[in-house]
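# What the coordinates show
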Amino acid sequence: MKSLHFFAYLLYCGATWLVRPVPLSVVFLTGKAFGLLAFFLMSKRRQLAVSNMRMALKIPEKEAGDLTRQHFQNLGANVLSMLKIPFMSDAAIWRHVTFDIAPEIPKEPVGKGWVAVFGHSSNWELLGRLTKLFPQHRFGALYRKLSNPAVNRHFNQSRAQMGVQLFDRQEDFWKSVAFLESGGVLGVLSDQHAGISGTWMPFFGRL
């Protein structure tokens, strides 16, 4: 297993080396192409996504299929872009990104912190740059360790350099609570499996 992890880490490093000189727009489009290929090859995942889409949104199968295809493409684009973004300057990144700040988000720290809810398949390297746009806030995130320790260590070091404090969801849960109570902004993934200690909640009208 150690040799397999090391080989996977070498592949990861090789991929980051390959995309580094390539323009982000090209990387993004290439990722979309890989995502489209995965859409056709991963039939079980595709069928599951279409089924879930229809249950959640109450839409026809064709519309659910189109949304699923777009999701696969965007996921591929995000994954490949994550390899490129750490080597880009802030100015270069924000030329490609637009965003709206919801009025509910406090402009200044207000005593206790607040929870920022994200989808699991987000572009985390991009989200980590928010620390530069909102220096008045302290950002942290709950995360689950990757099975590959070398890749996990690399990601943690990269995100720590951007000013994001990471909390292992199994070992550092109470530390994350203290961080939140001290005024920090804690990022939480909305689709993590909480096990038997979790609370059943309505989601798209279903528990």
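Here the residue numbering is sequential within each chain, running from 1 through the sequence in written order. Where local features are concerned, this predicted model is filtered to residues with pLDDT of at least 70; where side-chain atom pairs are given and counted, the filter is 80 or more; whole-chain, interface and lining totals use all residues. Here the side-chain values reflect all heavy atoms present in the structure, with hydrogen atoms and water set aside.

### Concerning the overall build of the protein chain
Secondary structure elements follow DSSP: runs of H or I of four or more residues count as helices, runs of E of two or more count as strands, with numbering from the N terminus. What the protein chain contains, in helices and strands, is nine helices and four strands. Its helices and strands in sequence order give the protein chain the pattern α-α-α-α-α-β-α-α-β-α-β-α-β, from N to C terminus. Compactness check: the protein chain gives a C-alpha radius of gyration of 19 Å against a globular reference of 17 Å for 207 residues, within 12% of the reference. C-alpha atoms of the protein chain, sized along the principal axes, occupy 50 × 45 × 40 Å. Think of it in three bands: with a 1.4 Å probe and only protein chains considered, a residue is buried below 20% of the maximum accessible area for its type, exposed above 50%, and partly exposed in between. Relative to its 207 residues, the protein chain shows a buried fraction of 30%. Carbon and sulfur atoms make up 63% of the accessible area of the protein chain, which amounts to about 14100 Å² in all. Counting rule for charge: Lys and Arg are taken as positive, Asp and Glu as negative, and neither His nor the chain ends is counted. Charge coordinates come from a single atom per side chain, which is NZ of Lys, CZ of Arg, CG of Asp or CD of Glu. Both charge centroids of the protein chain, one from 24 positive and one from 13 negative side chains, sit 7 Å from each other. Note that the radius of gyration is over C-alpha atoms, with the globule rule given as 2.2 Å times the number of residues to the power 0.38. Throughout, the Shrake-Rupley method with a 1.4 Å probe supplies accessible areas, and for residues the shown protein chains are the sole cover considered.

### Observations concerning the pattern of salt bridges
What makes a salt bridge here is a side-chain nitrogen of Lys or Arg within 4 Å of a carboxyl oxygen of Asp or Glu, nothing more. Within this structure, the stated rule accounts for four salt bridges. A salt bridge links Arg69 to Asp66; the nearest nitrogen and oxygen atoms lie 3.9 Å apart. With Arg69 and Asp66 both in helix 4 (residues 61-84) and three residues apart, this pair spans about one turn of that helix. The class for Arg69 is partly exposed, based on a relative accessible area of 27%. Looking at Asp66, the relative accessible area reads 27%, which means it is partly exposed.

### A few points about the nonpolar core
For the purposes of this section, nonpolar cores are sets of buried Ala, Val, Leu, Ile, Met, Phe, Trp, Tyr and Cys residues that join through side-chain atoms within 4.5 Å. Ranked by size, the top nonpolar core spans seven residues in total: Tyr12, Val19, Val27, Leu80, Leu83, Val151 and Phe155. Every element with two or more residues in this core is listed here: helix 1 (2-19), helix 4 and helix 8 (149-161). With residues near it in sequence (within four places) discarded, Leu80 still touches Val27, Thr30, Gly31 and Phe34. Leu24, Ile85, Met88 and Ala92 belong to the second-largest nonpolar core, a separate cluster that totals five residues. Contacts between residues were defined by any pair of non-hydrogen atoms, one from each residue, lying within 4.5 Å.

### Quick word on the pairing of strand 3 (residues 164-168)
Note: two strands are recorded as paired if DSSP finds a minimum of 2 bridges between them. One ladder, built from five bridges, connects strand 2 (residues 139-143) with strand 3; its direction is parallel. From the neighbouring strand, Leu142 faces strand 3, where its bridge partner is Phe167. For the handedness criterion, the strands are oriented away from the viewer, and a crossover whose path from the first strand over the helix to the second runs clockwise is classed as right-handed. A crossover links strand 2 with its parallel partner strand 3, the connecting element being helix 8, and its sense is right-handed.

### What about the sheet that holds strand 2?
One open sheet accounts for four strands, arranged 1-4-2-3; its pairing is parallel. One side of each edge strand has no neighbouring strand; the edge strands of this open sheet are strand 1 (114-118) and strand 3. In this sheet, neighbouring strand axes are inclined to one another by 30° on average, regardless of whether the strands run parallel or antiparallel. Here strand 1 pairs with strand 4 (residues 185-189) via five bridges, running parallel. In the sheet register, Phe118 faces strand 4, and the bridge partner there is Leu189. Each axis is a line fitted through C-alpha atoms, and for a helix only the stretch in contact is used; angles between axes span 0 to 180 degrees, taken between their N-to-C directions.

### With respect to the environment of Arg144
Among the structural elements, Arg144 can be located in the loop between strand 2 and helix 8. Using a relative accessible area of 47% as the deciding quantity, one classes Arg144 as partly exposed. Sequence separation between Arg144 and Gln170 is 26 residues; the distance between their C-alpha atoms is 7.6 Å.

### What about the packing of helix 3 (residues 43-57) against helix 4?
The contact between helix 3 and helix 4 brings their axes to 9 Å, and the two run at 120°. Relative to helix 4, helix 3 is oriented oblique. Where helix 3 crosses over helix 4, the two elements pack in a sense that is right-handed. Packed against helix 3, whose contacting residues are Arg45, Arg46, Ala49, Val50, Met53, Arg54 and Leu57, the element helix 4 presents Glu61, Ala64, Gly65, Leu67, Thr68 and Phe72 at the interface. Orientation labels follow simple angle bins: below 35 degrees gives roughly parallel, above 145 gives roughly antiparallel, 65 to 115 gives roughly perpendicular, and whatever is left gives oblique. Here a crossing is taken to be left-handed if its near helix is turned anticlockwise relative to the far helix by less than a right angle, and right-handed if that turn runs clockwise.

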